[in-house]
Amino acid sequence: MELLIPLITYAITILPALRCAVADSAMHIVYVDKSFMPKVFSSHHDWYSSMLVTTSDTSDPVTDLMYVYDNVAHGFAARLSQSQLSHLETTPGVLSYQADMPVKPDTTYTPKFLGLDSGIGLWPASGRGEDVIIGVVDTGVWPESASFNDTGFSPVPKRWHGACETGPGFGSSSCNNKLIGARAFNKGLLANNPNLTLSNTTPRDTDGHGTHTSSTAGGSPVSGASFFGYSQGTASGIAPQARVAMYKALWDEGAYTSDILAAIDQAVYDGVDVISLSLGIDGLPFYKDPVAIASYAAMEQGIIVVASSGNEGPDLGLLHNGTPWLTTVAATTVNRVFSGVVRLGDGSSINGESIYLGKPVVVKNLPLKFMGNCTDKKNLKETRHSIVVCEVKKYIGLATQTVKAAKVDASLFITDDIFSELFVRFSFPGVLITPQDGATLLDYINNSSNPTATLHFRQTILGVGPAPQVATYSSRGPSASSPNVLKPDISAPGSLIFASWSQNSTVGSDGSHELYSPFNIISGTSMSCPHVSGLAALLRAARPEWTPAMIRSAMMTTASSLDNTMEPIKDIGTKGHPATPLAMGSGQIEPNKALDPGLVYDAGPKDYIKFLCASNFTYDQIKIITHLSSVDCSGASRDLNYPSFIAFFEGKNTSSLTDRAVKVFRRTVTNVGDNEATYSAIVKGVKGLLITVKPDKLVFTKKHEKQSFEVRIEGQIRNRKEEVVHGSLTWVDDKGNHEVRSPIVATTFSGYAL
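Procedures and definitions
Residues numbered from 1 in each chain as written. Predicted model: local features only at pLDDT ≥ 70, side-chain atom pairs only at ≥ 80, totals over all residues. Heavy atoms only, no water. Helix = DSSP H or I, 4+ residues; strand = E, 2+ residues; numbered from the N terminus. Rg over C-alpha atoms; globule rule 2.2 N^0.38 Å. Buried < 20%, exposed > 50% of the residue type's maximum accessible area, 1.4 Å probe, protein only. Lys, Arg positive; Asp, Glu negative; His and termini not counted. Charge placed at Lys NZ, Arg CZ, Asp CG, Glu CD. Contact = heavy atoms within 4.5 Å. Patch = residues over 30% accessible without salt bridge, like charges linked within 9 Å, V, L, I, M, F, W, Y side chains within 5 Å. Areas by Shrake-Rupley, 256 points an atom, 1.4 Å probe, with all protein chains shown as cover. Salt bridge = Lys/Arg side-chain N within 4 Å of Asp/Glu carboxyl O. Axes fitted to C-alpha atoms, helices over the stretch in contact; angles between N-to-C directions. Left-handed = near helix turned anticlockwise from the far one by under 90°. Pairing = 2+ DSSP bridges. UniProt positions renumbered as here; feature names shortened; annotations may be inferred. Core = buried A, V, L, I, M, F, W, Y, C linked by side-chain atoms within 4.5 Å. Disulfide = S-S within 2.5 Å.

1. Notes on the overall build of the protein chain
Working step 1: Counting its secondary structure elements, the protein chain contains 18 helices and 41 strands.
Working step 2: Against the 2.2 N^0.38 benchmark of 27 Å for 754 residues, the protein chain shows a C-alpha radius of gyration of 27 Å, consistent with a compact globule.
Working step 3: For the protein chain, the spread of C-alpha atoms along the principal axes amounts to about 90 × 70 × 55 Å.
Working step 4: When the 754 residues of the protein chain are sorted by exposure, 60% land in the buried category.
Working step 5: Across the protein chain, 61 positive and 69 negative side-chain charges occur, with their mean positions spaced 3 Å apart.

2. A look at helix H18 (residues 619-626)
Working step 1: Where burial is concerned, most of H18 is hidden: six out of the eight residues are buried.
Working step 2: Three or more residues of H18 are buried, namely Gln621, Ile622, Lys623, Ile624, Ile625 and Thr626.
Working step 3: Elements that come into contact with the buried residues of H18 comprise strand E2 (26-32), strand E5 (94-99), helix H9 (290-300) and helix H17 (605-613).
Working step 4: Positioned one or two residues after H18, His627 has a phi angle of 65°, which is positive.

3. What about unusual backbone geometry?
Working step 1: In this structure, the amide linkage connecting Ala467 to the following residue, Pro468, adopts the cis form with an omega of 0°.
Working step 2: Of note, Pro468 is situated in the loop between strand E24 (452-462) and strand E25 (469-470).
Working step 3: At Lys575, a position not held by glycine, the phi torsion is positive, near 60°.
Working step 4: Looking at where Lys575 falls in the secondary structure, it is placed in the loop between strand E31 (570-571) and strand E32 (577-578).

4. Here we look at a positive patch on the surface
Working step 1: A cluster of basic residues, Lys377, Lys381, Arg384 and Lys407, forms a positive patch on the protein surface.
Working step 2: By the element assignment, Lys381 lies in helix H10 (residues 377-382).
Working step 3: A relative accessible area of 44% means that Lys381 is categorised as partly exposed.

5. Points about the packing of helix H7 (residues 209-218) against helix H13 (residues 525-542)
Working step 1: It is the contact of H7 with H13, at a shortest axis distance of 7 Å, that shows an interaxial angle of 35°. Once H7 is placed against H13, the crossing between them reads as right-handed. Listed contacts from H13 to His209, His212, Thr213, Thr216 and Ala217 of H7 are Ser526, Met527, Pro530, His531, Ser533 and Gly534.

6. Regarding the sheet that holds strand E4 (residues 75-80)
Working step 1: Spatial ordering of the open sheet is given by E3-E4-E2-E5, a layout of four strands whose pairing is antiparallel. Here the strands that pair on one side only, and so sit at the sheet edges, are strand E3 (65-69) and E5. Direction aside, the axes of adjacent strands within the sheet are offset by 25° on average.
Working step 2: Bridge analysis of E2 against E5 gives five bridges, and the strand direction is antiparallel. Each bridged residue has a counterpart across the sheet, and for His28 the counterpart in E5 is Ala99.
Working step 3: In the packing of helix H8 (residues 257-270) onto the sheet, the strands contacted are E2, E3 and E4, and the crossing angle to E3 comes to about 40°.

7. Thoughts on the UniProt feature "domain: Peptidase S8/S53" (unreviewed entry) in the protein chain
Working step 1: Summarizing the sequence annotation, UniProt attributes the feature "domain: Peptidase S8/S53" (unreviewed entry) to residues 129-562 in the numbering used throughout.
Working step 2: Taken end to end, residues 129-562 comprises 23% helix and 28% strand; its first and last C-alpha atoms sit 27 Å apart.

8. Notes on the environment of Gly129
Working step 1: Structurally, Gly129 is set in the loop between helix H5 (122-126) and strand E7 (133-138).
Working step 2: In this structure, the C-alpha to C-alpha distance between Gly129 and Leu538, residues 409 residues apart in sequence, is 4.5 Å.
Working step 3: For Gly129, the contacting residues outside a window of four places in its chain are Ala239, Gln241, Ala242, Ala537, Leu538 and Ala541.

9. Regarding the sheet that holds strand E34 (residues 645-648)
Working step 1: Strand order in the open sheet made by the five strands is E34-E41-E40-E36-E38, with mixed pairing throughout. The open sheet has two free edges, formed respectively by E34 and strand E38 (697-700), since each of these has just one partner strand. Looking at each pair of strands side by side, their axes are set apart by 20° on average, direction ignored.

10. Describing the pairing of strand E17 (residues 349-353)
Working step 1: Residues Ile350 and Gly352 of E17 are buried on one face, while the alternating residues Ser349, Asn351 and Glu353, pointing to the opposite face, are not.
Working step 2: With five bridges joining them, strand E16 (residues 336-344) and E17 adopt antiparallel strand pairing. In the strand pairing of E17, Val342 is matched with Ile350.
Working step 3: Hairpin connection from E16 to E17: four residues lie between these consecutive antiparallel strands, with Gly347 at a positive phi of about 95°.

11. Considering the nonpolar core
Working step 1: If you look at the biggest cluster of nonpolar residues, it comprises 126 residues, and the most contacted ones within it are Leu368, Leu412, Phe413 and Leu441.
Working step 2: In terms of residue count, H13 provides more of this core than any other element does, nine residues in total.
Working step 3: Once residues lying within four places of it in the same chain are set aside, the contact partners of Leu412 are Val342, Leu368, Ile387, Val388, Val389, Cys390, Val431, Ile433, Leu441 and Leu455.
Working step 4: Ranked by size, the runner-up nonpolar core spans 45 residues in total, among them Ile29, Tyr69, Leu250 and Leu279.

12. Notes on the state of the cysteines
Working step 1: Following the criterion strictly, the structure yields three disulfides and no others.
Working step 2: The disulfide bridge from Cys374 ends at Cys390, spanning 1.9 Å between sulfur atoms. Looking down the S-S bond of the Cys374 and Cys390 bridge, the torsion is -90°, so its handedness is left-handed. Taken as a pair, Cys374 in the loop between strand E19 (361-370) and H10 and Cys390 in strand E20 (residues 387-391) lie far apart in primary sequence, 16 residues in all. This pair shows no difference in class: Cys374 is buried, exactly as Cys390 is.

Encoded structure:
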């Protein structure tokens, strides 16, 4: 199985669907204003059922009521005919409805790479996330995994209202004091596919993705872990003392938005502290986006919602989960390489990249044959009993498939394809080599009468640089649903991440032989998301009084924009140019620094309502999101109190002062550091623009004091269309203890109407 398959299969994207008339009934989600419920009904369930009775085309309409949403949305999911929908449009209290949408399926080392240490910093300060509950909506869980061992855990917190749903092969003993809950949601899937029979109806993970994400966020330490000899060591989640609850809404047979909404609704009721969503919805406004609607209600209850940005990079504007009340995560690389070592016949060696799961040394002293771009399958077959060398400038995936089909003994691919990371896993002996090392290899082949090589696998090299780098696949902002809020928020390790796996789901193959393992190494923003979910759990444990916005702010303003060579973080998708905040957000998470950020940017429901009011939504649309019976839009503003800045300009080839645009932002920060502190503003320039901060000094006399300031961006962008220029505003305290950095982006991007 090539690495492209895990990436596409495991980063969940919900594709938009158009509402259309149907002859037969179909699943819909109906949003309702609960204040309209007649007093004659004792519960909302009865009220919703009465709507179906009144409009029913069937003899037993109540059975079509699949879900009632009470926590993160107000409404229900049901099978409805077109005549029923027409009737509901005139029913008092019904705000909107939409068709249920199908879902297309989109660490031994990373805690150490992120600086987490048992002796100092955030781990000891938070008790490594002790008793914080992380709810994961995903493909289920493999409860027998050592990552869910509960040795040393105290009893389940009394505030927990969750359950361990049982079924064939998933008994009550599947849950414990670590994995404290597991539920399954498939009514929407089955209603949309009446003839479907599920191979498994329990919360058990038969895919692997949910086990991987949940163990990344909160897995217990597992010593002696490895993946066929790669990444040997102790595997640990970011918050190893946190509790984990799984909400299975993604199935091998498919998934639907009604199930995802029901899963989040239940998680909020059960009492989770963090919700981790390695999934998202493309192209929907907030009032139609179940993730946006559900995460708003979660935020109101103090629950931190973390979601992946998507895997549609490197083009701009394809990010999902741009909702301002959740944390959106991009994906980066780690300073670790899984290597295949090429030992040439002259005694020299080349380190390439490879995750080949076969024997460590399977190719010995075979002749090297250079075959150009390796597109000629016939010629490849004629030289199959050699090590074929291919030079591939792009479409590396096509080349690897062609070579595989030719059944060559082994192959070396010289490439700098920006997507090459997705093809580092091989079912035959193969190695990816950089063009620089490729020149050495070709020189040896051209100047040797009998060029040979031996290949060694299962090598893991640590400390490589530059790292982190933004992964090519990671989706870039701006967000189509909310372009005036800079997204993504933050970056975290997402490339070639090692974590637990379902042992009935294949992890790859050696030739035609399928392989299984308790761990796997895969890539995607699905993998970066749970790193931040785990970090959010640590911060919730250490700073229980902070709001979700304060925790997000702490992660963002302490993030690093530099790699391990102390240079700006690079973007693989732009051939190694410095990454912009539209790719990496504020930068790579720095967990220990997030514990003590100095200042935070806070925001709550009132701020988000003002934002929604200024975003051209109707009152009914805002009601769907906020669940309010009435909306106060006084003071409406799209200038949200956010720890970042984005300004849109029209690209103009002129230097006229009359064409200069002015963008003004107002922000308020809260002192969570020392009782007395003075902060000075430092602006790192945005090319061609004048940025001023007033006041440029903030004086705090006590903890929790608030101070406000204004950022003014003036000028014009005169270069090419869709240019992105960026800089930063950093508040530095006079004691040198805190640097509170916010990215600033100015862009002419116009990929969609703003």
